[in-house]
Amino acid sequence: TNKYNIWASTIDQQDVDVMKERIGNGANLLENHVFQFDFLNDDFSKLPEELQKIVNDENKRKKLVIYINPPYAEADNRKGEGRSGVANSMVHQKYDEFMGYGRRELCIQFLTRIFKEIKRCQLGFFFKLKNHMVFI
């Protein structure tokens, strides 16, 4: 509930604009803590400076909790728009072998990036994974 400890990001600028509008109407967030970020393609250096300090500092990171609502799209080779190539991302390319067949699912890509790039993190799942994945 402490707005100084809450950050919000999304890939769509329209969603950022809506959050900032809600801040103007009393939402418990700071405007400079709301930002556009493509979690599967952007480098963490694009995070706001204060958030980078948390992600990069082992002691501060111990209190970091990341809530995500990743897209549940899965790439396949069926005909039709929206599915073919949906899983192409920097994370897909970087962790292709680690993710195996699960790399087709954007949700798996989100979880893999957190696990691989935010050191010593612990992941909790509140949903059923279609593809079982073990993080070592």
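To be clear, the structure that these remarks concern was listed above.
Residues numbered from 1 in each chain as written. Predicted model: local features only at pLDDT ≥ 70, side-chain atom pairs only at ≥ 80, totals over all residues. Heavy atoms only, no water.

## As for the nonpolar core
F35, F37, F39, F44 and L47 are the most contacted members of the largest nonpolar core, which totals 19 residues. Elements that contribute at least two residues to this core include exactly α2 (49-56) and α6 (106-117). Broken down by element, this core gets its largest block of residues, four residues, from α6. One finds V16, I23, L29 and V34 within the second-largest nonpolar core, a separate group that totals five residues. (Core = buried A, V, L, I, M, F, W, Y, C linked by side-chain atoms within 4.5 Å. Buried < 20%, exposed > 50% of the residue type's maximum accessible area, 1.4 Å probe, protein only. Helix = DSSP H or I, 4+ residues; strand = E, 2+ residues; numbered from the N terminus.)

## A word on the side chain of R61
Looking at the element boundaries, R61 is found in helix α3 (residues 58-61). One buried charge, R61, has no salt-bridge partner; the nearest side chain with opposite charge is E58, at 4.9 Å. With residues up to four places along the chain from it excluded, the contact list for R61 reads I54, V55, N56, I118 and K119. (Lys, Arg positive; Asp, Glu negative; His and termini not counted. Salt bridge = Lys/Arg side-chain N within 4 Å of Asp/Glu carboxyl O. Contact = heavy atoms within 4.5 Å.)

## What to know about the side chain of D38
Among the secondary structure elements, D38 is positioned in the loop between β2 (34-36) and α2. Here D38 occupies a buried position and makes no salt bridge, while the nearest side chain of opposite charge, R113, is found at 6.8 Å. At 3.0 Å, the side chain of D38 and the side chain of N41 are in polar contact. Residue contacts for D38: discarding those within four places in its chain leaves I11 and R113. (Polar contact = N/O pair within 3.5 Å; in protein donor to acceptor, adjacent residues only side chain to side chain.)

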